[in-house]
Amino acid sequence: EKLPFYTRYWKTTGGVVTSEAYGMKDIPEIIANHNMTVTWDPECGQNYAEATEGDTFLQIWVEDTQSLQLKLDAMTAAGIGGVAEWKLDFETPEVWDIIANYMNS
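Residues numbered from 1 in each chain as written. Predicted model: local features only at pLDDT ≥ 70, side-chain atom pairs only at ≥ 80, totals over all residues. Heavy atoms only, no water.

**Points about the packing of helix H2 (residues 65-77) against helix H3 (residues 95-103)**
Angle between the axes and distance between the axes: these two values describe a pair of packed helices. Our working definition: The angle between two axes is taken between their N-to-C directions and runs from 0 to 180 degrees, where each axis is a line fitted to C-alpha atoms and a helix contributes only its stretch in contact. Numbering of helices and strands runs from the N terminus; a helix is a DSSP stretch of H or I covering at least four residues, while a strand is a stretch of E covering at least two. Should an angle lie under 35 degrees it is considered roughly parallel, over 145 roughly antiparallel, and from 65 to 115 roughly perpendicular; all remaining angles are considered oblique. Only heavy atoms enter the contact rule, under which two residues are in contact if any of them lie within 4.5 Å.
In the contact formed by H2 and H3, the axes pass within 10 Å of each other and the chain directions differ by 10°. By the criterion of interaxial angle, the relationship of H2 to H3 is roughly parallel. Residue-level inspection shows Thr65, Leu68, Gln69, Leu72, Met75 and Thr76 of H2 in contact with H3, the latter providing Val95, Ile98, Ile99 and Tyr102.

**Quick word on H2**
To keep it simple, the criterion reads: By this rule the span expected of a helix is its residue count minus one, scaled by 1.5 Å. Burial status follows relative accessibility: with a 1.4 Å probe on protein chains alone, a residue under 20% of its type maximum counts as buried, one over 50% as exposed, and anything between as partly exposed. Read the arc as the range of directions from the helix axis to the C-beta atoms.
Compared with the 18 Å implied by 1.5 Å per residue over 13 residues, the 18 Å span of H2 between its first and last C-alpha is a close match. If you check which residues of H2 are buried, you get Ser67, Leu68, Leu72 and Met75. Summarising the axial view, the buried residues of H2 lie within an arc of 140°, below the 170-degree limit, and thus occupy one face. Elements in contact with the buried residues of H2: strand E1 (2-4), strand E4 (37-41), strand E5 (46-53), strand E6 (56-62) and H3.

Taken by themselves, the reported measurements are silent on function.
Here is the structure:
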C-alpha cells in the first residue's frame with residue numbers, strides 16, 4: 001500500500017476548480033495564511049479546512065499523522081505487511097514514528 005505524503009489545495013473561482021499538490025509539511029503554513037479552521041471529517045478519515053476569500057473558495061483535505069494512522073490500521077487489519085510512501089521530503093518528521101510502529105507490529 002502507498003501512503004501519500006502530500007495533499008491537494010483546491011481553489012474554486014467562478015465555477016472553475018483548480019488544484020495544486022503540496023507536501024504535508026507545507027499545509028500548516030497555507031492553513032495559517034488563510035485563517036482556516038481545521039476539523040476532523042470522519043467520513044473521509046482526514047482533517048478538512050476551508051476558507052472563502054473574495055469570490056474564491058479554498059479547500060484542503062489534510063494528510064497528516066492522524067489520517068496516515070487510519071490507513072495503517074486498515075492495512076494491519078487486512079494483513080498487509082509492507083508500505084511505500086510518496087513522495088519523500090514531503091512528509092513531516094513524526095510520520096516515521098507511526099510507520100515504524102506499523103512495521104514493528
